[in-house]
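Residues per chain are reported as follows:
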Amino acid sequence: MLLPREMDLRRPSTNADALGRYYTPSQVSQALIDTMRGIRPRLVLELGAGQGALASAAHRKWRSANYVTVDADLAAASTLSALTFNASHIHHAHDALDEELADRIGIALGSVDVGLCNPPYVRPRWRSSFGRILEEAGLSGALQSVHDAGADLLFIAQNLRLLRPRGKLGLILPDGLIAGQKYRGVRQVLLREHRVEHVVQLPRRTFAKTEAQTYLVVLSKRDGETQQVQLSQMSDMGEVSAPISIPADVAMLRLDYAFHTSSAPMGQQRDVGQVKKTLGAAAHDLLRGAISSSQISSSPVPVFHLGDFPRAHESAAIPTVPEKFIQPVSQAVVLQQSYKVAKAGDILIARIGRNLQEKVCFLPRGICVISDCIYAIRAAPEHRKTLLAYLLSEDGKAALKATSHGVGAKYLSRSDVLNIVLPD
Ligand SMILES: C[S@@+](CC[C@H](N)C(=O)[O-])C[C@H]1O[C@@H](n2cnc3c(N)ncnc32)[C@H](O)[C@@H]1O
């Protein structure tokens, strides 16, 4: 692979190659362009163009526009020849995160009608110019530290600098920016400063070799504050569902269709106008174990871990913690000095794992040492039964699954668990 000299990627993502390359399937590129309505662009830009999947789909809709593509991989140019042949197209082998990109590619800042981008899944080595790119795009205050910005946010910022007001940005984004707690500030800025029009949840495994949950996002730059966002999902067959509409203050929390429809009847949305009871309101503590998986084998006390949840067919109506992990209450004072322990009445759930929604069980008596992959939900006796029944139900499993994050193995943050909405 050929790389320009200035490319220096510190933390390549675990699944993509060093340039974070995943190419967009044509059905998905097409859906992104279909979702971008009400614009007839003269200038279309694709940063991180790879084989030009997005620009090529755009050219099928906007035949007379001029196309500019940029990719750091010198080999990308040769795969873009079809676009060059058919369209008014110029490609630049250049770092899209260059602060001087506009001058380098001969485009004025604020002049692009349509930006298209499926950013690489990498975290580039930090450069002070990134801070200025984020600042100019109005995104520097959106994260606790600008150093937390991954390539996705930097590519968004660079696109916003180049787009004209009311120009449209069509993005393919990972789960973090759409639903992660850490990126709430980013969502808030995007919703306040721009009009976020539509977010389409894509099927898992859309991108070869990864289970990452990804989304199409269309926004209109500086086109008034967002009032309502349309959310849809694409089926495995490539059909985009009819949208539901959510207000901007709810969109700031999360922008994923599955979450907003998870405890409502199929295809309908949650009644977000009403205050709903959350798991956090029903539980009075959420405890995470402290023993890591590598410490378990040397622990003198049995530690309840991910593989110890009873399987459905092994358990009675209520799956319970297996006997060998249950210690007498008389041991509590001693064990609590060295371990995090679940207590009788706690509901144990998996914090991480591919099928974490299937891992729920109850500690009926005694105490139990838990690993750092387990949460113990502690609820008042009057709430326990309903909470456990819900988490074991199909709806509860769907809620756990919808709220979890991550590529491959999923994880639940504390706030994910505490914000799970319970049925009325
Ligand atoms: C996820 S791929 C997307 C490719 C294409 N847009 C698509 O949707 O199929 C990201 C692309 O960004 C390119 N890339 C990575 N870092 C870059 C950078 N700093 N500047 C320009 N291109 C970069 C990679 O070479 C890769 O082609």
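Quick caveat: nothing in here was measured; it's all calculated off a predicted structure. (Residues numbered from 1 in each chain as written. Predicted model: local features only at pLDDT ≥ 70, side-chain atom pairs only at ≥ 80, totals over all residues. Heavy atoms only, no water.)

Engineer: Explanation requested: the sheet that holds strand E12 (residues 283-288) in the structure shown.
Structural biologist: In any sheet, the strands associate via hydrogen bonds between backbone groups, in a parallel or an antiparallel arrangement. Across the sheet, which stays open at both edges, the 4 strands sit in the order E12-E19-E15-E17 with antiparallel pairing between neighbours. In this open sheet, the two strands that pair with only one neighbour each are E12 and strand E17 (360-362). Across the sheet, the mean angle separating the axes of adjacent strands is 25° when strand polarity is ignored. Strand direction decides the pairing type here: strand E15 (residues 347-350) and strand E19 (residues 374-379), joined by 4 bridges, are antiparallel. Pairing of Ile 347 across the sheet is with Ile 377, part of E19. Its contacts with the sheet place helix H15 (residues 381-392) against E15, E17 and E19, and it is angled at close to 140° to E19. (Pairing = 2+ DSSP bridges. Helix = DSSP H or I, 4+ residues; strand = E, 2+ residues; numbered from the N terminus. Axes fitted to C-alpha atoms, helices over the stretch in contact; angles between N-to-C directions. Contact = heavy atoms within 4.5 Å.)

Engineer: Any chance you could explain the site of the ligand here in plain terms?
Structural biologist: By nearness alone, 23 residues border the ligand, and Thr 24, Glu 46, Gly 48, Asp 71 and Ala 96 come closest of all. Between Gly 48 and the ligand, the recorded distance is 2.8 Å, taken from a backbone N or O atom to a nitrogen atom. In this structure, a nitrogen atom belonging to the ligand sits 3.4 Å away from a main-chain N or O atom of Ala 49. In the shell around the ligand, the residues fall into 12 nonpolar, 6 polar and 5 charged. (Near = heavy atom within 4 Å. Polar contact = N/O pair within 3.5 Å; in protein donor to acceptor, adjacent residues only side chain to side chain. Nonpolar A, V, L, I, M, F, W, Y, C, P; charged D, E, K, R; others polar.)

Engineer: Help me out: how do you make sense of unusual backbone geometry in this one?
Structural biologist: Most peptide bonds take the trans form, and the phi angle of most residues other than glycine is negative. Non-glycine residue Arg 166 carries a positive phi angle of around 70°. Assignment of secondary structure puts Arg 166 in strand E7 (residues 163-174). The backbone phi angle of Arg 222 is positive, close to 45°, even though this residue is not glycine. Relative to the helices and strands, Arg 222 resides in the loop between strand E9 (214-220) and strand E10 (228-233). Of the residues examined, Arg 222 reaches a relative accessible area of 43% and is grouped as partly exposed. (Buried < 20%, exposed > 50% of the residue type's maximum accessible area, 1.4 Å probe, protein only.)

Engineer: Whenever I open this one, helix H7 (residues 151-162) confuses me. Can you help?
Structural biologist: Given 3.6 residues to a turn, an α-helix orients residues that are three or four positions apart in the same direction. If you check H7, its first and last C-alpha atoms are 16 Å apart, about what 12 residues at 1.5 Å a residue would give, namely 16 Å. Of the residues making up H7, those classed as buried are Ala 151, Asp 152, Leu 153, Leu 154, Phe 155, Ile 156, Ala 157, Gln 158, Asn 159, Leu 160, Arg 161 and Leu 162. (Expected span 1.5 Å × (residues − 1).)

Engineer: Can you walk me through the pattern of salt bridges in this structure?
Structural biologist: Here the idea is simple: oppositely charged side chains can pair when their charged atoms come close. Scanning all chains against the criterion turns up 16 salt bridges. The salt bridge involving Arg 195 is made with Asp 223; its shortest N-O contact spans 2.9 Å. On the criterion of sequence distance, the pair formed by Arg 195 in strand E8 (residues 195-201) and Asp 223 in the loop between E9 and E10 is long-range, its members being 28 residues apart. A relative accessible area of 31% places Arg 195 in the partly exposed class. Residues Asp 346 and Arg 378 are paired through a salt bridge, measuring 2.8 Å at the closest nitrogen-oxygen approach. With a gap of 32 residues between them, Asp 346 in the loop between strand E14 (341-343) and E15 and Arg 378 in strand E19 connect regions that are remote in the sequence. Side by side, Asp 346 and Arg 378 carry an identical accessibility label, which is buried. (Salt bridge = Lys/Arg side-chain N within 4 Å of Asp/Glu carboxyl O.)

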